[in-house]
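Listed below, chain by chain, are the residues.
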Amino acid sequence: GQQVMQIPQYQHVQEGEDFTTYCNSSTTLSNIQWYKQRPGGHPVFLIQLVKSGEVKKQKRLTFQFGEAKKNSSLHITATQTTDVGTYFCAGHANAGKSTFGDGTTLTVKP
Amino acid sequence: GAVVSQHPSWVICKSGTSVKIECRSLDFQATTMFWYRQFPKQSLMLMATSNEGSKATYEQGVEKDKFLINHASLTLSTLTVTSAHPEDSSFYICSARGTGTSGELFFGEGSRLTVL
């Protein structure tokens with residue numbers, strides 16, 4: 001079945017440093033979504049990427065979708081303490097079901 | 001944005017009892033809802049897809065008789081953990097896909113189950 005691998009599992013950064021998490025799917029995706037889960041909370045939708053090679057930005061966050069639509073990345077520029085949490089990618093290949101990556105937990109030292 | 005409400009937020013029960021968790025879409029109709037289980041510091045494990053008016057579709061390895069799912073209306077899906085045991089203790093989360101073009105999933109707040 002479809003697998004979505006996400007690395008790294010954990011990332012500790014100093015406030016102001018950049019952060020990147022990567023997702024790789026075993027199959028070609030129709031779209032990929034990114035979610036953020038704060039400690040003790042539930043996942044919250046960040047963005048969806050659909051087109052091959054697509055790049056989207058949300059303030060300090062940059063999302064990319066690979067040309068082959070099998071990989072994606074989330075990059076945060078100049079991290080802040082409010083960025084802490086676990087970032088999940090969710091790959092959507094079949095109708096209705098998304099496969100979540102294992103998540104990358106980001107901690108930011110002030 | 002769309003709101004999905006999950007209840008209860010946390011529950012403690014004795015081993016052998018059954019626990020029901022509700023997932024409601026408050027301002028939209030959801031023909032499909034998803035149930036996940038999440039262990040500490042781990043990812044979301046899809047348990048089943050709940051379909052309104054029909055049987056749920058369970059993922060491989062998930063016991064249908066253990067985790068009963070009912071999706072009786074377009075705004076409510078329930079997960080019942082039957083004859084709960086300590087190993088069933090976990091964080092259970094539901095989600096529903098929004099009706100907009102983004103296809104985003106809206107998650108409930110989650111239910112933390114502790115079985116003594």
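Right, let's walk through the structure included here. (Residues numbered from 1 in each chain as written. Chains lettered and ligands numbered in written order. Predicted model: local features only at pLDDT ≥ 70, side-chain atom pairs only at ≥ 80, totals over all residues. Heavy atoms only, no water.)

A few points about the environment of B:Cys23
All names here are of chain B. Along the chain, the position of Cys 23 falls in strand β3 (residues 19-25). Exposure remark for Cys 23: the relative accessible area of 0% places this residue in the buried category. When the C-alpha atoms of Cys 23 and Ser 95 are compared, they prove to be 8.0 Å apart, with 72 residues separating the residues in sequence. Filtering out sequence-adjacent residues up to four positions away, Cys 23 remains in contact with Val 4, Ser 5, Gln 6, Met 33, Trp 35, Thr 75, Leu 76, Ser 77 and Cys 94. (Helix = DSSP H or I, 4+ residues; strand = E, 2+ residues; numbered from the N terminus. Buried < 20%, exposed > 50% of the residue type's maximum accessible area, 1.4 Å probe, protein only. Contact = heavy atoms within 4.5 Å.)

Points about the interface of chain A and chain B
Between chain A and chain B, the contact holds 16 residues from the first and 20 residues from the second. Of the roughly 1400 Å² buried at the junction of chain A and chain B (both faces included), carbon and sulfur atoms supply 53%. On the chain A side of the contact with chain B, A:His42, A:Lys97 and A:Phe100 bury the most area, a combined 31% of that side's loss. One can count 0 salt bridges joining chain A with chain B. Along the contact surface separating chain A from chain B lie 4 residue pairs in polar contact (both at pLDDT 80 or more). Of all the secondary structure elements, the ones that give two or more residues to the side of chain A that touches chain B are β4 (31-37), β5 (44-49) and β10 (97-100) of chain A. (Buried area = accessible area lost by both parts, 1.4 Å probe. Salt bridge = Lys/Arg side-chain N within 4 Å of Asp/Glu carboxyl O. Polar contact = N/O pair within 3.5 Å; in protein donor to acceptor, adjacent residues only side chain to side chain.)

Some thoughts on the nonpolar core
If you look at the biggest cluster of nonpolar residues, it comprises 26 residues, and the most contacted ones within it are B:Phe67 and B:Leu113. Mapped onto this core, the elements with two or more residues apiece are β2 (10-13), β3, β4 (32-38), β5 (44-51), β7 (67-73), β8 (76-81), β9 (90-97) and β11 (111-115) of chain B. Contact partners of B:Leu113, with chain neighbours within four places excluded, come to B:Val11, B:Cys13, B:Val19, B:Val81, B:Asp88, B:Ser89, B:Ser90 and B:Tyr92. Residues A:Phe19, A:Phe65, A:Ile76 and A:Val108 belong to the second largest nonpolar core, which totals 19 residues. (Core = buried A, V, L, I, M, F, W, Y, C linked by side-chain atoms within 4.5 Å.)

Some points on the environment of B:Phe107
If you trace the backbone, B:Phe107 turns up in strand β10 (residues 105-107). In this structure, the C-alpha to C-alpha distance between B:Phe107 and B:Ser43, residues 64 residues apart in sequence, is 14 Å. Excluding its chain neighbours within four sequence positions, the residues that come into contact with B:Phe107 are A:Tyr35, A:His42, A:Pro43, A:Phe100, B:Val4, B:Tyr36, B:Leu44, B:Ile93, B:Cys94 and B:Ser95.

Overview of unusual backbone geometry
Here A:Ile7 and A:Pro8 are connected by a cis peptide whose omega angle stands at -5°. Turning to its location among the elements, A:Pro8 is positioned in the loop between β1 (4-7) and β2 (10-14). Here the bond from B:His7 into B:Pro8 is cis, since omega is 0°, no more than 30 degrees from zero. Tracing the chain through its elements places B:Pro8 in the loop between β1 (4-7) and β2. Of note in this structure, A:Lys59 is not a glycine but carries a positive phi near 55°. Tracing the backbone through its elements, the reader meets A:Lys59 in the loop between β6 (55-58) and β7 (61-65). The backbone of B:Lys41 sits at a positive phi, close to 60°, despite the residue not being glycine. Within the element layout of this structure, B:Lys41 appears in the loop between β4 and β5. With a relative accessible area of 71%, B:Lys41 lands in the exposed category.

Digging into the sheet that holds β7(B)
All names here are of chain B. Spatial ordering of the open sheet is given by β1-β3-β8-β7, a layout of 4 strands whose pairing is antiparallel. Each edge of the sheet is formed by a strand with only one pairing partner; in this case those strands are β1 and β7. Each adjacent strand pair in this sheet contributes to an overall mean axis angle of 15°, direction not counted. The pairing of β1 with β3 spans 4 bridges and is antiparallel. The residue bridging His 7 from the neighbouring strand is Glu 22, located in β3. (Pairing = 2+ DSSP bridges. Axes fitted to C-alpha atoms, helices over the stretch in contact; angles between N-to-C directions.)

What to know about a nonpolar patch on the surface
A surface patch of nonpolar side chains, about 400 Å² in accessible area, is lined by B:Trp10, B:Ile12 and B:Leu116. Within the secondary structure layout, B:Leu116 lies in the segment after β11. (Patch = residues over 30% accessible without salt bridge, like charges linked within 9 Å, V, L, I, M, F, W, Y side chains within 5 Å. Areas by Shrake-Rupley, 256 points an atom, 1.4 Å probe, with all protein chains shown as cover.)

A few points about the state of the cysteines
The tally for this structure, following the rule as stated, stands at 2 disulfides over all chains. Across the disulfide, A:Cys23 is cross-linked to A:Cys89 (sulfur-sulfur distance 1.7 Å). On the S-S bond that ties A:Cys23 to A:Cys89, the torsion sits near -90°, and the link is left-handed. Of this pair, A:Cys23 sits in strand β3 (residues 19-25) while A:Cys89 sits in strand β9 (residues 85-94); the two residues are 66 residues apart in sequence, bridging distant segments of the chain. A relative accessible area of 1% places A:Cys23 in the buried class. Each sulfur of the disulfide joining B:Cys23 and B:Cys94 lies 2.0 Å from the other. Classification of the bridge connecting B:Cys23 and B:Cys94 rests on its S-S torsion, roughly 80°, and on that basis the disulfide is right-handed. Of this pair, B:Cys23 sits in strand β3 while B:Cys94 sits in strand β9, and the two are 71 residues apart along the sequence. You'll find B:Cys23 and B:Cys94 in the same group, each marked buried. (Disulfide = S-S within 2.5 Å.)

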